Amino acid sequence: MAKYLLLKHYRGAPASVNDIPMDQWTPEEISAHIQYMNDFAARLEKTGEFVDSQALSPEGTFVRYDGEGRPPVTDGPFAETKDVIAGWMVIDVDTYERALELAGELSAAPGAGGRPIHEWLELRPFLGLRSTVSDTECAFK
């Protein structure tokens, strides 16, 4: 089985068909969206394809090392032009085609007006480095 990351974006991905930001949805529309996501995850738990998922707030800061003895450099909160991740789901499936199928289904989560969002999800395979690199080795030299 292969693990894939289904990445949801607040912004940075192409615009969805039902492109009304969540902060403009009614409480009922938000509840319906979250219920769809929970039902989707529960179904994948039963098939053994669900690994984990998390929602993220739109706030965040980029941080980087700035040299020995110096404090980290920060850039944030995020500027409007930066990609912002809304959340993610990790799945473990037999084939790439199955990952595509599930990503397409997740893209149909309801949004404003109860209509499917048709949002673009980023589908990314895990590298699988844990199986080939020991915990003491650095994979990114």
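Up top you'll find the structure we're talking about.
Small disclaimer: the values here were computed from a predicted structure and weren't measured. (Residues numbered from 1 in each chain as written. Predicted model: local features only at pLDDT ≥ 70, side-chain atom pairs only at ≥ 80, totals over all residues. Heavy atoms only, no water.)

A.B. asks: If you had to explain the sheet that holds strand S6 (residues 122-125) to someone new, which residues and values would you point to?
C.D. replies: In spatial order, the strands read S2-S5-S1-S6; together these 4 strands make up an open sheet with antiparallel pairing. Two strands bound the open sheet, and with one partner strand each, they are strand S2 (50-55) and S6. Shown here is a sheet whose adjacent strand axes are inclined to one another by a mean of 20°, direction ignored. By the bridge criterion, 9 bridges tie strand S1 (residues 2-11) to strand S5 (residues 84-93) in an arrangement that is antiparallel. For Tyr4, the partnering residue across the bridge sits in S5 and is Ile91. Docked against the sheet, helix H1 (residues 27-47) engages S1, S2 and S5, running at close to 20° with respect to S5. Packing of helix H2 (residues 96-106) onto the sheet brings it into contact with S1, S5 and S6, and relative to S5 it is tilted by some 140°. (Pairing = 2+ DSSP bridges. Helix = DSSP H or I, 4+ residues; strand = E, 2+ residues; numbered from the N terminus. Axes fitted to C-alpha atoms, helices over the stretch in contact; angles between N-to-C directions. Contact = heavy atoms within 4.5 Å.)

A.B. asks: Account for the packing of aromatic side chains, with residues named and values stated.
C.D. replies: Here the distance between the centres and the angle between the planes together describe a pair of aromatic rings. This model, assessed by the stated rule, comprises 1 aromatic pair. Centre to centre, the rings of Tyr4 and Tyr96 are 6.2 Å apart; their planes meet at 50°, and the pair counts as tilted. Highlighted residues: Tyr4 in strand S1 and Tyr96 in helix H2, separated in sequence by 92 residues. Residue classification places Tyr4 among the buried positions, given a relative accessible area of 8%. For Tyr96, a relative accessible area of 42% puts it in the partly exposed group. (Phe/Tyr/Trp six-rings, centres within 6.5 Å; stacked < 30°, edge-to-face > 60°. Buried < 20%, exposed > 50% of the residue type's maximum accessible area, 1.4 Å probe, protein only.)

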